[in-house]
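Remarks on the overall topology
Here are the chains, one letter per residue:
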Protein chains: 2
Amino acid sequence: MKLAVFGAGAVGTSVLELAGDYGHDVVAVADSASAAVDADGLDPEVVTRRKHDEGQVGDGEPADALAADYDVLVEATPTTLGDAEPGFSHVGTALERDRHVVLANKGPVAERYGDLRAAEQASAGSVLFEATVAGAIPTLSTIGDLGADRVTAVRGVLNGTANFILSRMAAEGLDYEHVLAEAQDLGVAEADPTFDVEGTDAALKCVILANVLYDREYTLADAEVSGIADLPGSALKLAAEDGRTVRLIGEVADGTVRVGPRLVPENGTLAVTGTRNIVQLETEHAGRLNISGRGAGGPETASAVLADVGRLSRR
Amino acid sequence: MKLAVFGAGAVGTSVLELAGDYGHDVVAVADSASAAVDADGLDPEVVTRRKHDEGQVGDGEPADALAADYDVLVEATPTTLGDAEPGFSHVGTALERDRHVVLANKGPVAERYGDLRAAEQASAGSVLFEATVAGAIPTLSTIGDLGADRVTAVRGVLNGTANFILSRMAAEGLDYEHVLAEAQDLGVAEADPTFDVEGTDAALKCVILANVLYDREYTLADAEVSGIADLPGSALKLAAEDGRTVRLIGEVADGTVRVGPRLVPENGTLAVTGTRNIVQLETEHAGRLNISGRGAGGPETASAVLADVGRLSRR
């Protein structure tokens, strides 16, 4: 397949680097201000070096990438809330041109699911978005295989940064502020960690799961969300005395979406450590399935993007 | 899709009962000596009641089911070794007629993979077999999404009976013979438990994984297998003193297939308890994925069969 990749961050760059290994060509790459287009396929090394050295991927404009001759548009620009722009417009343009879309950007799926499905309906192209929920963990494809109406609940640890902080607080008996600073030093937490520690990122993933499970439009506004920033170290100590610990758990069940710190058994399935994620599916006929793995990271998320591209190429 | 189901044990019966819920019709069912065929779709309740009351599914012969007008043949007769008959012939007949095949029977995939792929190649039909490895756990579809050559190793707990016995031996400090008798009372172990406790069942699943990963023909003869029947209770006590326990681990890596009791951390990912299974995939770009769930059982395995049927119907 010929891919146009929007977004030249960790995910976009990894898609660019790995696409050839999966038998695909990247014919266009765009960041927010520039683009590189080559109908014969771009050289990943040239593009990434130029991005690194000059801060742009090529001499073209993003509109050139939108107009390129691709089979699949990969939307990997940063997630934005509300109108989910500019991601949504990239997706809309591709679908109007009857091309497929694969999203790593959560915005259009979490905040404008109705619009997204309407645009897909009017198009010969399809939209897939495995990478928007828990990176490398095959959540949506497993739900697709089971059938959405045979999955009765989904819960899990869906944010690696918050999980790293909670794991460290419990293991070392340290306070939130201390561990956050450490996580920032390690590059696990961003300079502004709000999105992760206040539960927004996990909530967006749960909203996407709810959209898929119930096939009606949820947005972030429908989620009940609390984060971990106010959690005292003493709460973790208290939990540990009882053989339990705290995890930021997202849950979609009975039509509701909730994210918040919850007590879980210390050695239990949900108590994954470090930046790992876990998704727990309750199914009608197949019992409970647990899938754990890396929920973020460039190559990990790119592998989910490329699994979606593979699905489209087999159709 | 119109299904012909071969085998009227736990899995075949569950496929029959659940197919309608997934939008499919079962037009033929066969056990080893009889068959029921109805081009308009069989009533699951009538067939299962007759099987229960009279020991046969209908008035026809198995050959009638083979000749029925189906889209997909579901092979759910008991796994046999060597020539993998009669399962292999059912599969061969369906493929010769350019029909699809979905297997729950491990025999043809583990023991005659080369013949199976050759028969598929010569047919317009496709062969899928998610249900042959770890029941409800989406192992093969996940490998398919990742790409077999990007999965560097697979290991896991692939036999629920052996795992139940090891879990109970460790938890209660009991000997193998004692726990086996208990497992037989509970219906978790069969009267002749050889297949499970000597590692054969887990080895067949690993052989199937090896066939998929390396795309060359392995059989049970290529697997290095040891079971748990000789494991003394004292070994588990010794392991526990060191924070570890014993699990029957199957592993496919570096071109080799091995099954045997191994020491694993007591609270580690591989130490699933009771009859649960776990599959651990090592991937090139996406790190380690763990998937745990029910590895056996009628409805659980049927849900994997019906996921395969769903994949075929979307092609």
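Calculation notes
Residues numbered from 1 in each chain as written. Chains lettered and ligands numbered in written order. Predicted model: local features only at pLDDT ≥ 70, side-chain atom pairs only at ≥ 80, totals over all residues. Contact = placed C-beta atoms within 7 Å. Helix = DSSP H or I, 4+ residues; strand = E, 2+ residues; numbered from the N terminus. Nonpolar A, V, L, I, M, F, W, Y, C, P; charged D, E, K, R; others polar. Pairing = 2+ DSSP bridges. pLDDT = per-residue confidence, 0-100. Axes fitted to C-alpha atoms, helices over the stretch in contact; angles between N-to-C directions. Parallel < 35°, antiparallel > 145°, perpendicular 65-115°, else oblique. Left-handed = near helix turned anticlockwise from the far one by under 90°. Core = buried A, V, L, I, M, F, W, Y, C linked by C-beta atoms within 7 Å. Buried ≥ 20, exposed ≤ 12 C-beta atoms within 10 Å, placed from the backbone. Least-squares fit on C-alpha atoms with pLDDT ≥ 70 in both. Domains from an automatic or database assignment.

This paragraph deals with the interface of chain B and chain A. On the chain A side, the residues contacting the 27 residues of chain B number 27 residues. Put simply, the parts of the chain that give the side of chain B that touches chain A at least two residues each are helix H7 (139-146), strand S12 (288-294) and helix H13 (298-313) of chain B. At 7 residues, S12(B) tops the list of elements feeding residues into the side of chain B that touches chain A. When grouped by side-chain class, the residues that make up the side of chain B that touches chain A number 12 nonpolar, 11 polar and 4 charged. In terms of strand pairing, strand S12 (residues 288-294) of chain A meets S12(B) through 3 bridges, oriented antiparallel. Residue pairing for S12(B): A:Ile291 is matched across the bridge by B:Ile291.

Looking at chain A as a whole, its pLDDT mean stands at 96, while 100% of the residues score no less than 70. Two numbers describe this predicted complex: its pTM, 0.95, and its ipTM, 0.94.

So, on to the packing of helix H4 (residues 87-96) of chain A against helix H6 (residues 113-121) of chain A. Residue and element names in this part refer to chain A. The N-to-C vectors of H4 and H6 enclose an angle of 15°; their axes lie 9 Å apart at closest approach. The orientation of H4 with respect to H6, classified from their angle, is roughly parallel. Classified by chirality, the crossing of H6 by H4 is left-handed. Judged by residue contacts, Val91, Gly92 and Leu95 of H4 engage Leu116, Ala119 and Glu120 from H6. Here the contact of H4 with H6 is composed, by residue class, of 4 nonpolar, 1 polar and 1 charged.

Note that soluble globular proteins tend to have their nonpolar side chains buried in a common cluster. Membership of the largest hydrophobic core comes to 212 residues, with the highest contact counts inside it found for A:Val29 and B:Val29. Setting aside its immediate chain neighbours within four residues, B:Val29 contacts B:Val5, B:Ala8, B:Leu16, B:Ala35, B:Ala36, B:Leu42, B:Val47, B:Val57 and B:Ala65.

Here we come to the relation of the copies chain B and chain A. The two copies are related by a screw motion: chain B maps onto chain A through a turn of 180° and a shift of 0.0 Å along the axis, at an RMSD of 0.0 Å. Expressed as a symmetry operation, the mapping of one chain copy onto the other fits a two-fold axis. Proximity to the rotation axis, assessed at the C-alpha, singles out B:Ile291 in chain B; its C-alpha lies 2.2 Å from the axis. Comparing interface residues between copies, 100% of those in chain B also lie at the interface in chain A; the contact surface is shared.

All names here are of chain A. Examined at the domain level, chain A breaks down into domain 1 (2-135 + 298-313) and domain 2 (140-294). Centre-to-centre, using C-alpha coordinates, domain 1 lies 27 Å away from domain 2. Across the contact, 15 residues belong to domain 1 and 15 residues belong to domain 2. Those elements that provide at least two residues to the side of domain 1 that touches domain 2 are helix H5 (107-111) and H6. A total of 3 residues in the side of domain 1 that touches domain 2 trace back to one element, the largest contributor, which is H5. In terms of residue class, the side of domain 1 that touches domain 2 is built from 7 nonpolar, 4 polar and 4 charged.

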